[in-house]
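Each chain is listed here by its residues.
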Amino acid sequence: MNVLKREVFRLVIISLTFFMVQCKSRQAINKDILKQHLSTEVTIEKVPYGMTPNGDKINSYKLKNKNGMEVGIITLGGIITDLIVPNKEGISENVVIGFNSLEEYLKPNPYVGAIIGRYGNRIANGKFSIDGNEYQLTLNRPPHSLHGGEYGFNRVVWKENEVKSGAVASLKLSYLSKDMEEGYPGNLQVFVTYTLTQENQLEVFYEATTDKKTVVNLTQHSYFNLSGDFSKTILDHEITLNSDKIVAINDNGIPTGKLEDLTHTPFDFRTPKTLGKDIEVKNEQLKRGNGYDHCWVLNNAEKGKTVTATAYDKTSGRLMEITTYEPGIQLYTGNFLKGNLPMREEGFYEHRTGFCFETQHYPDSPNQKDFPTTVLRPGENYKTKTTFKFSIK
Ligand code: BGC
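What you see is a predicted model; the values in this text were computed from it and never measured. Residues take numbers from 1 onward in each chain, read along the sequence in its written order. The model is predicted, so local features are restricted to residues of pLDDT at least 70 and side-chain atom pairs to those at 80 or more, both for listing and for counting; the totals for chains, interfaces and linings are taken over all residues. Only hydrogens and water are removed before side-chain values are computed, so all heavy atoms of the structure are retained for them.

Time to look at the overall build of the protein. A count of helical and extended segments in the protein gives 3 helices and 29 strands. For the protein, the share of sequence-separated contacts (at least 6 apart) that also reach a separation of at least 24 residues comes to 65%. With an accessible surface of roughly 18,500 Å², the protein has 53% of that area assigned to carbon and sulfur atoms. In the protein, which carries 47 positive and 46 negative side-chain charges, the distance between the mean positions of the two groups comes to 6 Å. Secondary structure elements follow DSSP: runs of H or I of four or more residues count as helices, runs of E of two or more count as strands, with numbering from the N terminus. When checking whether two residues touch, look at their non-hydrogen atoms; a contact exists if any pair is within 4.5 Å. Only the protein chains shown count as covering a residue, and every accessible area follows the Shrake-Rupley method with a 1.4 Å probe. His residues and chain termini do not enter the charge count, which takes Lys and Arg as positive and Asp and Glu as negative. One atom stands in for each charge, and that atom is NZ of Lys, CZ of Arg, CG of Asp or CD of Glu.

Dropping the structure here:
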């Protein structure tokens, strides 16, 4: 009997010990899952950035993922101040032109990092008509209008509309552009959402509605240098553009109306080619743009899915891939950078030390019947998205 009791007691003890060990390891597993969960979070942090001379408070948002990628955005102009991306050694560096203070961003500059609107790119003579009504825009690049006029969306203060973190982090900015602002008709309510994913993608999602027929063409004006070394030009970046035609321009950067076949021209990037390879070739279009400053007509078979443009920097190994819902992309090779914009630490951004990939509708579309329309009507929702994906090759 005693033996039986002892045996039962022994079994109970063994079962209890086994149960406790199980619980402990389950707790450990849960802790691990929690840790993993925390590290898979893309975080977002808000920091005050300063005040404009009008007394508007500007905030800075930092979106960070677990791979060492970071995006800094300020509420002035929705400007991307920092885009920090790892290189092939895992070292994270800034790959966009930026300044080190709000004061610098408030000074006139060539749209560094900003949201561009109401109309990205040029409108000839700053004029267009809708339903027989002629509109005259501010001529900030006389005799034409560029990037929304004198006080485009790059210079206004955006409101923080929504901030999210978790599997992705996003910042939704909003701006109400009043009827006739810079000469554009209609109250235009705009939203731009920046999202950083764990897969090193930066998504820019644009939305707009209007109460009067107007034109809209929003884009983003970051200057990239994937080497992370802004003392170097971007001329050895290898580019691909899934495009057979460019929007030909006149001496003033205004479309002639012709979409020119780029076969056997310096504009052919259908197979990888460095920006520097043909940039100095004798070519009328290159001369008119002072280098590349043209809109490529995209072969965008599956909008938002097909990679339409890539940029690769061999030394750092960084590859940037672009997908978009837009029909065109302006490739601008920093032809007007001339060493008068201060770098973050010391020195100045010299000629061609950054390039822009501005996804958009074609320039001057409001005056070109054969180009895809940029008209937005009351009741319609303008929605478009561009994704910049970073990886190592
Ligand atoms: C335009 C250039 C212009 C630059 C900065 C680019 O988007 O295409 O012509 O010089 O912006 O203003």
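Structure's up, so let's keep going.
Any residue under 20% of the maximum accessible area for its type is buried, any over 50% is exposed, and the rest in between are partly exposed; the area is computed with a 1.4 Å probe on protein chains only. For strand β24 (residues 328-332), the tally of buried residues reaches 5 of 5 residues, placing the bulk of the element in the interior. Residues Gly328, Gln330 and Tyr332 of β24 are buried on one face, and the alternating residues Ile329 and Leu331, pointing to the opposite face, are buried as well. Between any two strands, pairing holds if DSSP finds at least two bridges. Note: strand β21 (residues 293-298) against β24, 5 bridges, orientation antiparallel. Bridge pairing links Cys295 to Gln330 in β24. With 5 bridges joining them, β24 and strand β27 (residues 356-360) adopt antiparallel strand pairing. Counterpart to Ile329 in the pairing with β27 is Thr359.

Whenever Lys or Arg places a side-chain nitrogen within 4 Å of a carboxyl oxygen from Asp or Glu, that contact is recorded as a salt bridge. Summed over the entire model, instances satisfying the criterion amount to 21 salt bridges. Between Lys62 and Asp82 there is a salt bridge whose closest N-O contact spans 3.7 Å. Residue Lys62 is located in strand β2 (residues 57-64), and its partner Asp82 is located in strand β4 (residues 80-86); the two are separated by 20 residues in the primary sequence. On the basis of relative accessible area, Lys62 is assigned to the partly exposed category, the value being 21%.

Before going further, it helps to examine the site of the ligand. Being near a molecule or strand, for a residue, comes down to having at least one heavy atom within 4 Å of it. Within the structure, the ligand sits among 13 residues, and Arg122, His147, His221, Asp293 and Glu358 are positioned closest to it. At a separation of 2.8 Å, an oxygen atom of the ligand approaches a polar side-chain atom of Glu358. Protein chains shield 98% of the accessible area of the ligand, which is 310 Å² for the free molecule. Amino acids outside the nonpolar list (Ala, Val, Leu, Ile, Met, Phe, Trp, Tyr, Cys, Pro) and the charged list (Asp, Glu, Lys, Arg) are all regarded as polar, and Gly is one of them. Residue composition of the shell around the ligand, grouped by class: 6 nonpolar, 3 polar and 4 charged. Throughout this description, a polar contact denotes any pair of N or O atoms lying within 3.5 Å of each other; where both atoms belong to protein, one of them has to be capable of donating a hydrogen while the other can accept it, and for residues adjacent in sequence the pair is counted only when both atoms sit in side chains.

Moving on: empty space enclosed by the protein. As defined here, a cavity is a set of points on a 1 Å grid over the protein atoms alone where a 1.4 Å probe fits but cannot get out. A pocket is an open set with protein on both sides within 12 Å along at least five of seven lines, and residues line them when an atom is within 4 Å of a point. Grid points are joined across faces, edges and corners, and a volume is the space filled by probe spheres set on the points. On inspection of all chains with the given rule, the structure shows 2 cavities of 30 Å³ or more. The space that makes up the largest cavity amounts to roughly 40 Å³. Lining of the largest cavity is provided by Ile80, Leu83, Leu202, Gln220, Ser222, Phe224, Phe388 and Phe390. Broken down by class, the residue content of the lining of the largest cavity amounts to 6 nonpolar, 2 polar and no charged. By volume, the second largest cavity amounts to about 40 Å³.

Attention now goes to the environment of Lys232. In this structure, Lys232 sits in the loop between β16 (219-221) and β17 (238-241). Through-space distance from the C-alpha of Lys232 to that of Ile322 is 23 Å; in sequence the pair is 90 residues apart. If near-sequence neighbours (up to four positions away) are discounted, Lys232 is found in contact with Asn225, Ser227, Thr315 and Thr353.

With that settled, consider the sheet that holds β4. If you trace the 5 strands from one edge of the open sheet to the other, you get β1-β2-β3-β4-β5, paired in antiparallel fashion. Here the strands that pair on one side only, and so sit at the sheet edges, are β1 (43-51) and β5 (92-94). Taken over all neighbouring pairs, the strand axes of this sheet differ in orientation by 15° on average, direction set aside. Of the strand pairs in this sheet, β1 and β2 are connected by 8 bridges, and their pairing is antiparallel. For Val47, the partnering residue across the bridge sits in β2 and is Ser60. Helix axes use the C-alpha atoms of the stretch in contact, all axes being lines fitted to C-alpha atoms, and the angles between their N-to-C directions lie in the range 0 to 180 degrees.

This part is about the nonpolar core. Grouped together as the largest cluster of nonpolar side chains are 58 residues, with contacts concentrated most on Leu83, Trp296, Met320, Phe355, Phe357 and Phe390. The element best represented in this core is strand β13 (residues 188-196), accounting for 5 residues. Setting aside residues no more than four positions away along its own chain, Met320 makes contact with Phe224, Leu226, Ala309, Thr310, Ala311, Phe355, Phe357, Phe388, Lys389 and Phe390. Put simply, a nonpolar core is a bunch of buried Ala, Val, Leu, Ile, Met, Phe, Trp, Tyr and Cys residues held in one set by side-chain atoms that sit within 4.5 Å of each other. Residues Ile74, Tyr223, Tyr332 and Met343 belong to the second largest nonpolar core, which totals 18 residues.

Now for the packing of aromatic side chains. Pairing of aromatic rings covers Phe, Tyr and Trp, the last counted by its six-membered ring, and requires centre-to-centre distances within 6.5 Å; plane angles under 30 degrees mean stacked, over 60 mean edge-to-face, and any other angle means tilted. Summed over the entire model, instances satisfying the criterion amount to 18 aromatic pairs. Between the aromatic rings of Phe267 and Tyr292, the centroid separation amounts to 5.4 Å while the plane-to-plane angle is 85°, which identifies the pairing as edge-to-face. Residue Phe267 is located in the loop between β19 (255-261) and β20 (273-274), and its partner Tyr292 is located in the loop between α3 (284-289) and β21; the two are separated by 25 residues in the primary sequence. With respect to class, Phe267 is no different from Tyr292; both count as buried. Ring-pair connections join several aromatic residues into one group, and the members of that group are Phe224, Phe355, Phe357 and Phe388. Placement of a charge over a ring requires the Lys NZ or Arg CZ to be within 6 Å of the ring centre, with the centre-to-atom vector within 35 degrees of the ring normal. Geometry around Phe191 places Lys172 over its ring, the cationic atom sitting 4.7 Å from the centre. The ring of Phe269 carries Lys273 above its face, with NZ or CZ at 4.4 Å from the centroid.

Hydrogen bonds along the backbone pair up the strands of a sheet, which may run parallel or antiparallel. Here 5 strands make up an open sheet; going across it, the order is β19-β18-β21-β24-β27 and the pairing antiparallel. The open sheet is flanked by β19 and β27, the only strands paired with a single partner. Geometrically, the sheet is characterised by an average inter-axis angle of 30° between neighbouring strands, direction not taken into account. Across 4 bridges, strand β18 (residues 243-249) lies against β19 in antiparallel orientation. From the neighbouring strand, Ile246 faces β19, where its bridge partner is Glu260.

Read these as spatial facts, not as claims about activity.
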